[in-house]
Amino acid sequence: MREYLLTLCITAAVTYLLTGPVRKFAIVAGAMPEIRARDVHREPTPRLGGIAMFFGLCAGLLVADHLPNLNAVFENSNEPRALLSGAALIWLIGVLDDKFEIDALIKLGGQMIAAGVMVMQGLTILWIPIPGVGTVSLTSGQGTLLTVALVVITINAVNFVDGLDGLAAGMVCIASAASFMYAYRIWYGYGIEAAAPATLFAAILMGMCLGFLPHNMHPARIFMGDSGSMLIGLVLAAGAISVTGQVDPAAMKLNFGGARDATHAMLPVFIPLLMPLTIIAIPFADLVLAIVRRTWNGKSPFAADRGHLHHRLLEIGHSHSRAVLIMYFWSALIAFGTVAYSVHSTSVWILLLIVALSALGLVLLLLPRFRPRTPRWAEAFVPPRYRRRAEHVETETAPEESGTPVGPAPAPVPELSGATRLHGSTAVSERPRVRSHERE
C-alpha cells in the first residue's frame, strides 16, 4: 500500500507542477478557442491540460517500475506498456484536436486504433463470468471487439461529461478510487497477482486527477481539453478491462456451505461485470441520452448541444459549484455503493444506507435555491455565498438610519468588451506585453 500511495503522490505532484507551465504554453500556442454556444464559461480559457496529465502518467509508471514490489507488475505483465502505448496515441490525437479541432470521425478512428494497439500488446478481455453459466472464454475476435467497444464508450462518456469546471476530473477521480478499492481487495485479499496492474492503473489515475483539479476547479484557469478527457477515459477503461478480463474468476472460488452461501460468496466474482458500468454510470447515461436526443431531432450523434445533465442542473437553478458537487455525489454513491455491496452483500444496512443517500440526492436536486447557513467559525473555509451577510447589511443601512445624508452613488463601472476583460484564465500576469496585446 505504501508503494501505491507513493506512486499516487508522485503522479499528482508532477501533474500539479506541470499544469502551470502548460497553461502558459497553451496561451502562447493559441490553444484558447472562442466561446461557443454550448459553453458555460464566459472567458476564453486555455486548453491542453492533458499534456501535464500525460507526463504525470509517465512519471507514475516510471516510479512504479523502480519500486521493489510494484516492479513485479512490469516483469510479469505487459499491460503497463500496452497502456502507455495506447495513452500516447490517444494523447497526440487529443492535442491536435485541442489546437486544430479535428473532425469527430477522425477522433473516433483514433480511439479505435489506440484500443487496437493495447489489444495487440495483451491488454484485452480473455473471459467473462456470467451468472448461472460460469466463466466463458472468448475468442480472439470476440475479445478484441469487446475491448475496443469498452474503450471507445468509456472515452466518449468521459469526454461528454467534461462540461463544467472540475467535473470530469472529479468524477473520474471518484471512479478510480472505487476501482482501486475493488482491485486492491482482489489482489491483496485473494492473493491474485493478475489484479495488480488494475490496482496500479487506478492509483496513477487518481494522482493525475488530483494533481489537475486545483487548477481546474471553478473558476478554472485551464481546461484539460480532449487531450486530457480522452486520456483519463482510456486509463479508466484499461483498468476495467484488466480486472474484468484478466482475473480468472475460478481463482476466487471458496468452499461454500450451500447454494445461498455460494451465491453471496461468489458475488465478488460477478462484480467485474458491473464495476466498469458503475464507474461510468453517470457519464454513460449522459452519453446515451445525448445520442437519443440528437438523433431524435435529426442531428448527428456527434453534434454538440446544451442538453447534457450538467446543463440541465444549471437550467433548473443550481449554481456551477453545486451542480458539480451533485454529480460528484451520484458518482460516489453508485461506485462506492457497488463496492460496499460486493464486500458485505448480506448486510441489509448497506442497502438501507444506499436508499437513504439516494433520497438525500433527490432532495438536493429539488432544492436549487437552498443555501445552507454556515457557522461563523467555519466561514473562512467556505465560498462567500455561504457566509452570513448581516454585518454587511448593517453597514449599508447605518447612514440612512442615523439621518446622515448619503452622498451620490458611485458611477457604474462600464462593461468591458470580451477582448479587454481580463480573468484568471486569460491573463498570465499584469505584464506590459499583455497590456500591449490588449491595445493592439
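Just so we're clear, the structure is a prediction, and the values are computed from it rather than from any experiment.

## Regarding the overall build of the protein chain
- When helices and strands are counted, the protein chain shows 17 helices and 2 strands.
- Per-residue burial over the protein chain gives 46% buried out of 440 residues.
- Long-range pairs, those at least 24 residues apart, make up 76% of the contacts in the protein chain between residues at least 6 apart in sequence.
- Element-wise, carbon and sulfur atoms account for 66% of the exposed surface of the protein chain, whose accessible area totals about 22,100 Å².

## Topic: the packing of helix H5 (residues 104-120) against helix H6 (residues 140-161)
- Two elements in contact, H5 and H6, have axes separated by 9 Å at closest approach and are oriented at 130 degrees. One element, H5, and the other, H6, form an angle in the oblique class. In this structure, the crossing between H5 and H6 has a hand that is right-handed. Packed against H5, whose contacting residues are Lys107, Leu108, Gln111, Met112, Ala115, Gly116, Met118 and Val119, the element H6 presents Thr144, Thr147, Val148, Val151, Val152, Ile155, Asn156 and Asn159 at the interface.
- Grouping the amino acids of the contact of H5 with H6 by side-chain chemistry returns 9 nonpolar, 6 polar and 1 charged.

## Observations regarding the confidence of the model for the protein chain
- Summarising the model, the protein chain shows a mean pLDDT of 76, and 67% of its residues fall at 70 or more.
- The spread of mean pLDDT over the elements of the protein chain runs between helix H17 (residues 432-439), the lowest at 40, and helix H2 (residues 50-65), the highest at 94.
- Low pLDDT, under 50, characterises residues 254-263; the predicted model gives this stretch 4 contacts beyond four residues in sequence or across chains.

## As for the packing of aromatic side chains
- Taken as a whole and assessed by the stated rule, the structure comprises 9 aromatic pairs.
- Look at Tyr4 and Trp187: their rings are 5.8 Å apart centre to centre, the planes differ by 90 degrees, and that puts the pair in the edge-to-face class. Of the two residues, Tyr4 is situated in helix H1 (residues 2-29) and Trp187 in helix H7 (residues 167-189); the sequence distance between them amounts to 183 residues.
- For Trp187, a relative accessible area of 21% puts it in the partly exposed group.
- Measuring from ring centre to ring centre gives 4.4 Å for Phe54 and Trp91, while their planes differ by 10 degrees; the resulting arrangement is stacked. Residue Phe54 is found in helix H2, and its partner Trp91 is found in helix H4 (residues 79-100); the two are separated by 37 residues along the sequence. Residue Phe54 shares its accessibility class with Trp91, and that shared class is buried.
- Taken together, the ring pairs connect Tyr4, Phe180, Tyr184 and Trp187 into an aromatic cluster.

## A word on the pattern of salt bridges
- Scanning the model with the defined rule gives 3 salt bridges in all.
- Salt-bridge contacts for Glu101 lead to Arg47; the nearest nitrogen and oxygen are separated by 3.6 Å. Of the two residues, Glu101 is situated in the loop between H4 and H5 and Arg47 in the loop between H1 and H2; the sequence distance between them amounts to 54 residues.
- Under the relative-accessibility criterion, Glu101 is labelled partly exposed at 44%.

## Observations concerning the packing of H1 against helix H8 (residues 196-216)
- One way to put it is that H1 packs onto H8 with a least axis distance of 7 Å and a crossing angle of 35 degrees. By crossing handedness, the relation of H1 to H8 is classed as right-handed.

## A few points about a nonpolar patch on the surface
- A cluster of nonpolar side chains, namely Ile153, Phe284, Val288 and Val292, defines an oily patch on the protein surface of about 290 Å² accessible area.
- Top element by residues in the nonpolar patch is helix H12 (residues 281-296). It accounts for 3 residues.
- Residue position: Phe284 is located in helix H12.

## Some remarks on unusual backbone geometry
- With a phi close to 65 degrees, Leu48 is a non-glycine residue in the positive phi region.
- Residues other than glycine seldom take positive phi values, yet Glu101 does so here, at roughly 55 degrees.

## Considerations on H7
- Relative to the 33 Å expected for 23 residues at 1.5 Å per residue, H7 spans 32 Å between its end C-alpha atoms, a close match to the ideal helical length.
- The buried fraction of H7 amounts to 18 of the 23 residues, a majority that puts the element mostly inside the structure.

## Some details on the nonpolar core
- Leu57, Leu200, Leu231 and Leu234 are the most contacted members of the largest nonpolar core, which totals 80 residues.
- Those residues within four positions of Leu231 in sequence are excluded, and the remaining contacts are Gly50, Met53, Phe54, Leu57, Ala87, Ile90, Met208 and Asp226.
- Among the nonpolar cores identified, the runner-up in size contains 10 residues, and Ala178, Ile192, Ala198 and Ala335 belong to it.

## Side note on the side chain of Thr147
- Note on placement: Thr147 falls in helix H6.
- Ignoring anything within four residues of it in the chain, the contact list for Thr147 reads Val119, Leu123, Thr124, Ile125 and Ile241.

## Focus on H4
- Here H4 contains 22 residues, and its C-alpha end-to-end distance of 31 Å stays within 8% of the 32 Å for a straight helix at 1.5 Å per residue.
- Restricting attention to buried positions, one finds in H4 the residues Glu79, Pro80, Ala82, Leu83, Gly86, Ala87, Ile90, Trp91, Ile93, Gly94, Asp97 and Asp98.
- Positioned one or two residues after H4, Glu101 has a phi angle of 55 degrees, which is positive.

## Examining the environment of Ser321
- Inspection of the secondary structure puts Ser321 in helix H14 (residues 320-343).
- Sequence-wise, Ser321 and Leu167 are 154 residues apart; in three dimensions their C-alpha atoms are separated by 9.4 Å.

## Some words on the environment of Ala169
- One can find Ala169 in helix H7.
- C-alpha of Ala169 to C-alpha of Asn216: the two residues are 47 residues apart in sequence and 8.3 Å apart in space.
- Sequence-distant contacts of Ala169, defined by excluding residues within four places in its chain, comprise Cys209, Phe212, Leu213 and Met224.

## What about the environment of Gly30?
- Note that Gly30 resides in the loop between H1 and H2.
- Separated by 69 residues in the primary sequence, Gly30 and Lys99 have C-alpha atoms spaced 7.5 Å apart.

Scoring rules and cut-offs
- Residues numbered from 1 in each chain as written.
- Predicted model: local features only at pLDDT ≥ 70, side-chain atom pairs only at ≥ 80, totals over all residues.
- Heavy atoms only, no water.
- Helix = DSSP H or I, 4+ residues; strand = E, 2+ residues; numbered from the N terminus.
- Buried < 20%, exposed > 50% of the residue type's maximum accessible area, 1.4 Å probe, protein only.
- Contact = heavy atoms within 4.5 Å.
- Areas by Shrake-Rupley, 256 points an atom, 1.4 Å probe, with all protein chains shown as cover.
- Axes fitted to C-alpha atoms, helices over the stretch in contact; angles between N-to-C directions.
- Parallel < 35°, antiparallel > 145°, perpendicular 65-115°, else oblique.
- Left-handed = near helix turned anticlockwise from the far one by under 90°.
- Nonpolar A, V, L, I, M, F, W, Y, C, P; charged D, E, K, R; others polar.
- pLDDT = per-residue confidence, 0-100.
- Phe/Tyr/Trp six-rings, centres within 6.5 Å; stacked < 30°, edge-to-face > 60°.
- Salt bridge = Lys/Arg side-chain N within 4 Å of Asp/Glu carboxyl O.
- Patch = residues over 30% accessible without salt bridge, like charges linked within 9 Å, V, L, I, M, F, W, Y side chains within 5 Å.
- Expected span 1.5 Å × (residues − 1).
- Core = buried A, V, L, I, M, F, W, Y, C linked by side-chain atoms within 4.5 Å.

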